Amino acid sequence: MNNETYEFKPLSLMFVEYKSGDLLGFILAWITMLPILYVVSIFTVIIIRRDLTTIFYFFGFLITEFTNFVLKNLIKQPRPYLNEHRSKGSFSKYGMPSDHSQVMFYFSTFFILIVLFRYYISQSKLIQILMKSFLCVIAIFAAVLVAFSRVYLKYHTNEQVIAGSLLGIICGSLWFFIVHTILSKHFHYITTWKISEFLMIRDYTHIPNILLFQYTAERNEARRKNKNN
């Protein structure tokens, strides 16, 4: 028999610890995974809709992740949990800045700016204001909860979470500005590429309410076919 020993480590992507019997910790352990669920959701939307704004939204996330990785390995500030009796080696040992906080605030900032500057909801000005306000509050609330969960679960210090949150806001704002004012001007040209036509890449930049547009187009097409039959 082979007596060689191996060291095993868990896949840390969805690995979260909380104190046994702590209900709030249990809830926050789920909330802290929101960035991962958000990434999966965006990737799903890309597969289904294939619009350039969402694709570049995802590219911005990759840039944010890379920025966080570089900063963590430059600053090399340890996580607070390294001083406690809990699983070791499941995560990167550096915690400055907080990855989850940075990513979630990037997502929320970019989303809020899209809602404010690009999204059209209703002809009623009051409903427009209320719906946009509601979406923005939900985005901010989700980002704050994720940031709070990282401190509560002792994966990061307050300073690491604040730094990550501020970097996420900066990344989200800068990337939205680049996409909205520079890259979007070339979206129509990008959709004419052979690879874009093959992958059915679309440009919805000038359609303020894509859900209404798709609903109306599909309803009219269904009515037309029903009349022909």
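Up top you'll find the structure we're talking about.
What you see is a predicted model; the values in this text were computed from it and never measured. (Residues numbered from 1 in each chain as written. Predicted model: local features only at pLDDT ≥ 70, side-chain atom pairs only at ≥ 80, totals over all residues. Heavy atoms only, no water.)

(A) A look at the overall build of the protein. The helix and strand inventory of the protein stands at nine helices and zero strands. Walking the protein from its N terminus toward its C terminus, one meets helices and strands in the order α-α-α-α-α-α-α-α-α. By residue count, 38% of the 229 residues in the protein fall in the buried class. For the protein, the computed accessible surface area is about 14600 Å², with 69% contributed by carbon and sulfur atoms. (Helix = DSSP H or I, 4+ residues; strand = E, 2+ residues; numbered from the N terminus. Buried < 20%, exposed > 50% of the residue type's maximum accessible area, 1.4 Å probe, protein only. Areas by Shrake-Rupley, 256 points an atom, 1.4 Å probe, with all protein chains shown as cover.)

(B) Structural detail: the pattern of salt bridges. The tally for this structure, following the rule as stated, stands at one salt bridge. Among the salt bridges present, the one from Arg49 reaches Asp51, with a minimum N-O distance of 3.7 Å. (Salt bridge = Lys/Arg side-chain N within 4 Å of Asp/Glu carboxyl O.)

(C) Looking closely at the packing of aromatic side chains. Across all of its chains, the model carries 16 aromatic pairs by this definition. Taking the centre distance of 5.7 Å and the plane angle of 85° together, the rings of Tyr57 and Phe107 count as edge-to-face. In this pair, Tyr57 is assigned in helix α3 (residues 52-75) and Phe107 in helix α4 (residues 99-117), connecting sequence segments 50 residues apart. Owing to a relative accessible area of 7%, Tyr57 belongs among the buried residues under this scheme. Three or more aromatic residues joined by ring pairs form one cluster here, namely Tyr38, Phe43, Tyr57, Phe58, Phe61, Tyr106, Phe107, Phe110, Phe117 and Phe176. (Phe/Tyr/Trp six-rings, centres within 6.5 Å; stacked < 30°, edge-to-face > 60°.)

(D) Focus on the environment of Ile112. Here Ile112 is to be found in helix α4. A residue is classified by how much of its surface remains accessible, and Ile112, at 14% relative accessible area, is buried. Separated by 23 residues in the primary sequence, Ile112 and Leu135 place their C-alpha atoms 7.6 Å from one another.

(E) Molecular detail of helix α2 (residues 34-49). An ideal rise of 1.5 Å per residue puts 22 Å on 16 residues; α2 measures up with 22 Å between its terminal C-alpha atoms. Those residues of α2 that fall on the buried side of the exposure criterion are Pro35, Ile36, Val39, Ile42 and Ile46. The buried residues of α2 all sit within an arc of 125° when viewed along its axis, so they share a single face. (Expected span 1.5 Å × (residues − 1). Arc of directions from axis to C-beta.)

(F) Region of the structure containing the packing of α2 against α4. At their nearest, the axes of α2 and α4 sit 9 Å apart, and the two run at 45° to each other. Considering the angle they form, α2 stands oblique to α4. Crossing of α2 over α4 shows left-handed handedness. In this structure, α2 contributes Leu34, Pro35, Tyr38, Val39 and Ile42 to the contact, and α4 contributes His100, Val103, Met104, Phe107 and Phe111. When the residues that make up the contact of α2 with α4 are grouped by side-chain class, the tally is nine nonpolar, one polar and no charged. (Axes fitted to C-alpha atoms, helices over the stretch in contact; angles between N-to-C directions. Parallel < 35°, antiparallel > 145°, perpendicular 65-115°, else oblique. Left-handed = near helix turned anticlockwise from the far one by under 90°. Contact = heavy atoms within 4.5 Å. Nonpolar A, V, L, I, M, F, W, Y, C, P; charged D, E, K, R; others polar.)

(G) Region of interest: the packing of helix α5 (residues 125-152) against helix α6 (residues 158-181). Where α5 meets α6, the closest approach of the two axes is 9 Å, and the angle between their N-to-C directions is 155°. The angle between α5 and α6 places the two elements in the roughly antiparallel class. When the axes of α5 and α6 are compared, the crossing they make is right-handed. Of α6, the residues touching α5 (which contributes Ala147, Arg150 and Val151) are Asn158, Val161 and Ser165. Class assignment of the residues belonging to the contact of α5 with α6 gives a composition of three nonpolar, two polar and one charged.

(H) How the structure looks around α5. Under the 1.5 Å per step criterion, the end-to-end length of α5 is 40 Å for 28 residues, consistent within 8% with the ideal 40 Å. Buried within α5 are the following residues: Gln128, Lys132, Cys136, Ala139, Ala142, Ala143, Val146, Ala147, Ser149 and Arg150. Of the surrounding elements, those touching the buried residues of α5 are α1 (23-31), α2, α4 and α6. Among the residues trailing α5, Lys154 stands out with phi positive, at a value near 60°.

Everything listed here is a matter of geometry and, on its own, says nothing about what the molecule does.
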